[in-house]
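# Structural characterization, general
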Amino acid sequence: MHRSNSEIILDMKNLVVDYETDDGIVHAVNGMNIKLNRKQSLGIVGETGAGKTTTALSILRLIPDPPGVIKNGEIFLEGEDILLYPEAKMRKLRGSYVSMIFQDPMTSLNPVLTVGEQISEVIRVHRKADSEDVIRKAKEMLEVVGIKSDRYNDFPYQFSGGMKQRIVIAMALACYPKLLIADEPTTALDVTIQAQILEVMKDLKEKFDTSLILITHDLGVVAEICDIVSVVYAGSIIEHGTLRDIFKSTKHPYTEGLFNSLPNINARAEFLKPIPGSMPDPTQVYTGCAFYERCKYAVDKCNAVKPPKIWLNDTHYVVCHKYDDIELTQKEVENNGM
Amino acid sequence: MGCNILEVESLTKHFPTPKGLLYAVDNVTFSIKKGKTLGLVGESGCGKTTTGRCILRLLEPTSGKVIFDGKDVTKLRKKQIYLLRKEMQIIFQDPYSSLNPRMTVEGIISEPIKINKLIKNEKDIKKRVDELMDIVGLASRLRRSYPHELDGGRRQRIGVARALSLNPKFIVCDEPVSALDVSIQAQILNMLKELQKELDLTYLFITHDLSVVNHFSDDIAVMYLGKLIEKAPTLQLFENPLHPYTKALLSAIPIVDIDKKKERILIKGEIPSPVNLPDECRFAPRCNYVRDECFEKQPELIEVEPNHFVACPYAKIN
């Protein structure tokens, strides 16, 4: 393929997505920037309503419209802005270049088609192959995710939750996509089954050379499978870095709060340290920092002025006034590094 | 050392299905001391919620005894159950479906008080509702709100206030935080812990999340396919799990520490159907250490070290 040489798989610039509802405009995504290289896996971490899923759906251009509107931004997949694509071209991309695994395997399969047909369909749509080849390929994919190929003719209801998620993974990888987006792929599953699915995903990512965006609220899952992490709050990234940057030199007060809220299996403390308050109303527009009301370090400036993006090293940035002072020297580092 | 407030003896609940008997809870025995928390842990379908509901007689147990404060709950007649409700309450998993959408916050919290005629005077009821809302950290301006206007954390606080409204001694917490975001989860867990101290409550804490029980419970009981397979004080269970299933369950939790990679024990397959189970170790078909003897009969729960019970004759103490 002509565009296979590029190292950057995805470059999302300043994405803004609103949902225009009767109750007002919901600002779901406010200026999201994501850059993903080949074979990298990015974890997008955040709580309900942070805009994680909306961001993912934008990459596939699957935002329900109305009420969803992409207000601004560009999404480059290997150098081409897909927001300018006609719908027909976009359809060719979905499932072949970018695939998505949805949260709930119970509802993302068609209950009246056999699982084999559902995997075959992906291959038939995207690849020129005769029907025997398609079936052989689909059976091969079943085996790859650890399901015996003689279950090709079974229906989704004959499988358990973990098995269904394996089938969804088989469908998503059937055309060797360059980018796989997994939206909370293990949230609906039990821990022992989650462990199995994470193993499968790790293996396949290596085998198929796929870049991965993993959307989750579970920092434990991120530690398991991702190289880089973006923490999102109220529709934008508030801290981004390598796994080590985020886990070992946590900078943003929200990220810090997330880690403190987790019951730690190794250190037993009597009380947890939760973040006070709850997620902000997404219809609100902020002049300053969206985390202001819940932040224990907040000063007046945080409410008045949008915090800047401050690079702490080549890989790690934080969006917070707490680090304003080191901005100058770090900017130099950034300039030198570029 | 307090005395046992709750003793569950050989509790069994079978559901008849067209395909045969479904063993939801099978011969489960445990006890909880006053003011303590027992964490009941297991994966979906293991019977932990059914156990909780049988204790409260929200479901009728097939057989077995539930002795609460000296009385056998299973022997109570329909009318006497009202009395029981004042002593034992439940907080449900899903704060989105366990609150009546057509009632205001005030209505939901005061309903148990009215039904049980605990307070008769309207004014005093109002005062009590205010007090309860204050205890669970709900602003009193929300008293006329409807559940749909509130977020998950606040709704779960209503659920807690409702459970507390009758001054119970014992509360079954059925996955009270699994539907909530982590930052909110910690708020609710802290609140439950504080309430326990202040009001001397006893909890049966049902969850699938081992890191939550580790933080929260004094003792832990692990269930698999309707059976209790291991029971121990929390620290002991985490430091020295003995049953192969408990070991796998503990190793499956993704940990947040990136430097501490632990050995993961993957178990084969998934929980089989609980219908018409043969008389063999329930975990045998998935066990990594399975031997022929495991298929001969069901293992009993035996005490292998003080207070540490395990239902596997081959589990070794290190």
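Residues numbered from 1 in each chain as written. Chains lettered and ligands numbered in written order. Predicted model: local features only at pLDDT ≥ 70, side-chain atom pairs only at ≥ 80, totals over all residues. Heavy atoms only, no water.

### So, the sheet that holds strand 5 (residues 80-81) of chain A
All names here are of chain A. The strand order 2-1-4-5 describes an open sheet built from four strands, whose pairing is antiparallel. The sheet is open, and its two edges are formed by strand 2 (24-37) and strand 5, each paired on a single side. When strand 4 (residues 68-77) meets strand 5, the two strands line up antiparallel, connected through two bridges. In the sheet register, Phe76 faces strand 5, and the bridge partner there is Asp81. Packing against the sheet, helix 1 (residues 52-59) makes contact with strand 1 (8-21), strand 2 and strand 4, and its axis sits at approximately 115° to strand 1. (Pairing = 2+ DSSP bridges. Helix = DSSP H or I, 4+ residues; strand = E, 2+ residues; numbered from the N terminus. Contact = heavy atoms within 4.5 Å. Axes fitted to C-alpha atoms, helices over the stretch in contact; angles between N-to-C directions.)

### Observations concerning the packing of aromatic side chains
Under the criterion given, the structure shown has 12 aromatic pairs over all chains. Measuring from centroid to centroid gives 5.2 Å for Tyr245(B) and Phe283(B), while their planes differ by 65°, and the two rings are edge-to-face. With a gap of 38 residues between them, Tyr245(B) in helix 9 (residues 244-252) and Phe283(B) in the loop between helix 9 and strand 11 (302-305) connect regions that are remote in the sequence. Judged by its relative accessible area of 0%, Tyr245(B) falls in the buried class. An aromatic cluster is defined as three or more aromatic residues linked by ring pairs; in this entry it consists of Tyr233(A), Tyr254(A) and Phe291(A). Geometry around Phe159(A) places Arg151(A) over its ring, the cationic atom sitting 4.0 Å from the centre. (Phe/Tyr/Trp six-rings, centres within 6.5 Å; stacked < 30°, edge-to-face > 60°. Buried < 20%, exposed > 50% of the residue type's maximum accessible area, 1.4 Å probe, protein only. Lys NZ or Arg CZ within 6 Å of the ring centre and 35° of its normal.)

### What to know about the pattern of salt bridges
All names here are of chain B. Under the definition given, this model contains 30 salt bridges over all chains. In this structure, Lys169 and Asp69 form a salt bridge, with 2.7 Å as the shortest nitrogen-oxygen distance. Within this pair, whereas Lys169 is found in the loop between helix 5 (152-164) and strand 7 (170-174), its partner Asp69 is found in the loop between strand 4 (63-68) and strand 5 (71-72), the two being separated by 100 residues in sequence. The class of Lys169 is partly exposed, set by a relative accessible area of 29%. For Asp69, a relative accessible area of 38% gives the class partly exposed. (Salt bridge = Lys/Arg side-chain N within 4 Å of Asp/Glu carboxyl O.)

### Some words on the sheet that holds strand 7 of chain B
All names here are of chain B. Taken together, eight strands build an open sheet; the order of strands is 6-7-8-3-9-10-12-11 and the sheet is mixed. At either margin of the open sheet sits one strand with a lone partner, and together these are strand 6 (88-91) and strand 11. For this sheet, the mean inter-axis angle between neighbouring strands, taken without regard to orientation, is 20°. As defined by bridge partners, strand 7 adjoins strand 8 (residues 202-207) across five bridges and the pair is classed as parallel. Looking at the pairing, Val172 lines up with Leu204 of strand 8. Relative to strand 6, helix 5 is tilted by about 175°, and along the sheet it contacts strand 6 and strand 7. The sheet strands contacting helix 9 are strand 3 (37-41), strand 9 (219-224) and strand 10 (227-233), and the helix crosses strand 9 at an angle near 105°.

### Remarks on the domain arrangement of chain B
Residues and elements named next belong to chain B. One can read the domain layout of chain B as domain 1 (4-87 + 168-310) and domain 2 (104-161). The distance between the C-alpha centroids of domain 1 and domain 2 comes to 30 Å. If you look at the interface, domain 1 gives 10 residues, while domain 2 gives 10 residues. Interface area for domain 1 against domain 2, summed over the two sides, is near 860 Å², with a carbon-plus-sulfur share of 72%. Joining domain 1 to domain 2, the criterion identifies zero salt bridges. Elements supplying a minimum of two residues to the side of domain 1 that touches domain 2: helix 2 (81-87) and helix 6 (182-199). Partitioning the side of domain 1 that touches domain 2 into residue classes produces eight nonpolar, one polar and one charged. (Domains from an automatic or database assignment. Buried area = accessible area lost by both parts, 1.4 Å probe. Nonpolar A, V, L, I, M, F, W, Y, C, P; charged D, E, K, R; others polar.)

### Digging into helix 9 of chain B
For helix 9 of chain B, a buried count of eight out of nine residues is recorded, marking the element as mostly surrounded by other parts of the structure. Taken together, the buried positions of helix 9 of chain B are occupied by Pro244(B), Tyr245(B), Thr246(B), Ala248(B), Leu249(B), Leu250(B), Ser251(B) and Ala252(B). Elements in contact with the buried residues of helix 9 of chain B: helix 6 (191-208) of chain A together with strand 3, helix 7 (210-216), strand 9, strand 10 and helix 8 (234-239) of chain B.

### Brief notes about helix 1 (residues 48-55) of chain B
Residue and element names in this part refer to chain B. Most of helix 1 is tucked away: six of the eight residues are buried. Three or more residues of helix 1 are buried, namely Lys48, Thr50, Thr51, Gly52, Cys54 and Ile55. A positive phi of about 60° marks Arg57, the residue just after helix 1.

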